[in-house]
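# Coordinate inspection notes
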Amino acid sequence: MGVYAADRLSAGIPGIIFRAQRNGGTGLNAHLEIISGDSGAGKVTGLRISGTENLERTARGYVCGGETETAAYWLQHSLPVVVMVYEQERDRIVWEAVTAENLEVTGSRWEIIVPYDQIYNYESSKIIADLTCTSPYLARLALDKPWIELISEGRNIFLEMDEWINQPSARGNLRLCVTGSDGGIYQWPFQTSPDMPHILRLPSLFPWANLSVDEEYYREKNPGKEPEHGMLLPYTVEAGEIARFRLKLSLNELGRAFLYTEPFICRGIFPEENKIMRFGSEYEAGLKFMLFKKN
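Everything in this summary refers to the structure shown in the same document. (Residues numbered from 1 in each chain as written. Predicted model: local features only at pLDDT ≥ 70, side-chain atom pairs only at ≥ 80, totals over all residues. Heavy atoms only, no water.)

Glycine aside, a negative phi is what most residues show, and trans is what most peptide bonds show. Unlike most non-glycine residues, Asn 54 shows phi in positive territory, near 65°. On the secondary structure map, Asn 54 appears in the loop between β3 (43-51) and β4 (56-57). Assessed through its relative accessible area of 83%, Asn 54 is described here as exposed. For Asp 91, which is not a glycine, the phi torsion comes out positive at approximately 50°. Within the element layout of this structure, Asp 91 appears in the loop between β6 (81-87) and β7 (92-97). (Helix = DSSP H or I, 4+ residues; strand = E, 2+ residues; numbered from the N terminus. Buried < 20%, exposed > 50% of the residue type's maximum accessible area, 1.4 Å probe, protein only.)

Structure follows, in structure tokens:
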């Protein structure tokens, strides 16, 4: 119903071509093309459209959510992506752009708030036309920002891996484990494709981290045996079949650089050291400066 409504409402907006998408797998169910003049080639945006049923409502808007995997796909998409919600009782659509700053990522889930007052119409179609695509590499760092921030705050994050070393077709089981402020351990499980050994995939999974074995844990599992420094070895290989690892994550130069640059790249916030407050009495006494300061 939301897709049909978006098609109908788009027909009344000049310069809009609406195309429903029948194939699944991407989380997008339509494309919006904004054209100028008589040209059929314009700016295309991917759309995720839903109704209000089963959506949580806040003071600001509707809460849409899903699996982090979908958000990662959207942020790395060659098209900008917009989430739309059809309000049947008002026969209108509200929307929000999928960006790193608009998404709230918690473990394996994402959420975005679609504001009640951001209505899809001719004026907003011009805003949608100006949306830019996010670099897939920056999007990847933005999705992992919660983990990066936890490490920078001094929290411990460990990666536990179980791998069937003699079954090339078996998917891998991985778990990110975070120590909570209450002393508890919180886990986020995920799986990887079996196309390569786990250990070789880690640089692409965690480009912002250095990995090392959890030496204390390895000593506990193998009393009297000192872990080999600099080696990412399993602490055990059970029955010659299942290799078990426990690795500790720490920030590398990329992770630290992202924390420093992210406020400006994603939100336009200048570094504190750039906020000079005094410019000299002679300069500040000028009419231009005084008028600007007054306004």
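Resuming the write-up.
Here we come to the pattern of salt bridges. According to the stated counting rule, one finds 15 salt bridges in the structure shown. Close ionic contact of Arg 19 with Glu 33 constitutes a salt bridge, the shortest N to O distance being 2.6 Å. With a gap of 14 residues between them, Arg 19 in strand β1 (residues 16-20) and Glu 33 in strand β2 (residues 30-34) connect regions that are remote in the sequence. Using a relative accessible area of 37% as the deciding quantity, one classes Arg 19 as partly exposed. Here Glu 33 falls in the buried class, since its relative accessible area comes to 5%. Between Arg 175 and Asp 162 there is a salt bridge, with the nearest N and O atoms lying 3.1 Å from each other. With Arg 175 in strand β11 (residues 172-179) and Asp 162 in strand β10 (residues 157-164), this pair connects stretches of sequence that are 13 residues apart. As far as burial versus exposure is concerned, Arg 175 and Asp 162 are alike and both buried. Look at the salt bridges and you will find they share partners, linking Glu 160, Asp 162, Arg 175, Asp 214, Glu 238, Arg 244 and Arg 246 into a network. (Salt bridge = Lys/Arg side-chain N within 4 Å of Asp/Glu carboxyl O.)

What follows concerns helix α3 (residues 122-129). Within α3, the full set of buried residues consists of Ser 124, Ser 125, Ile 128 and Ala 129. Buried residues in α3, looked at end-on, bunch into an arc of 150°, giving them a common side. Close packing links the buried residues of α3 with β1, β2, β3, β6 and β7. (Arc of directions from axis to C-beta. Contact = heavy atoms within 4.5 Å.)

Moving on, we get to the side chain of His 198. Mapped onto the fold, His 198 is located in helix α6 (residues 198-205). For His 198, a relative accessible area of 5% gives the class buried. Each residue touching His 198, except ones within four places of it in the same chain, is listed here: Met 161, Asp 162, Glu 163, Gly 172, Asn 173, Leu 174 and Thr 192.

Moving on to the pairing of β6. Burial analysis of β6 places 7 of its 7 residues in the buried class, which makes it a mostly covered element. Of the two faces of β6, both are covered, the one formed by Val 81, Val 83, Val 85 and Glu 87 as well as the one formed by Val 82, Met 84 and Tyr 86. One ladder, built from 6 bridges, connects β3 with β6; its direction is parallel. Looking at the pairing, Gly 46 lines up with Val 81 of β6. Sheet topology places β6 next to β7; 6 bridges connect them, and they run antiparallel. Note that in β7 the partner of Tyr 86 across the bridge is Ile 93. Between β6 and β7, which follow one another and run antiparallel, lie 4 residues, and Asp 91 among them has a positive phi close to 50°. (Pairing = 2+ DSSP bridges.)

So, about the sheet that holds β3. Taken together, 5 strands build an open sheet; the order of strands is β1-β2-β3-β6-β7 and the sheet is mixed. Pairing within the sheet leaves two strands with one partner each, and these edge strands are β1 and β7. Neighbour-to-neighbour, the strand axes of this sheet turn through a mean angle of 30°, independent of strand direction. In terms of strand pairing, β2 meets β3 through 5 bridges, oriented antiparallel. Bridging across to β3, His 31 finds its partner in Gly 46. Lying over the sheet, α3 contacts β1, β2, β3, β6 and β7, oriented at roughly 95° with respect to β2. (Axes fitted to C-alpha atoms, helices over the stretch in contact; angles between N-to-C directions.)

Moving on to a nonpolar patch on the surface. Together, Phe 264, Ile 265 and Phe 270 line one region of the surface with nonpolar side chains, adding up to about 320 Å² of accessible area. Looking at the secondary structure, you find Ile 265 in helix α8 (residues 253-267). Residue class for Ile 265 comes out partly exposed when judged on its relative accessible area of 48%. (Patch = residues over 30% accessible without salt bridge, like charges linked within 9 Å, V, L, I, M, F, W, Y side chains within 5 Å. Areas by Shrake-Rupley, 256 points an atom, 1.4 Å probe, with all protein chains shown as cover.)

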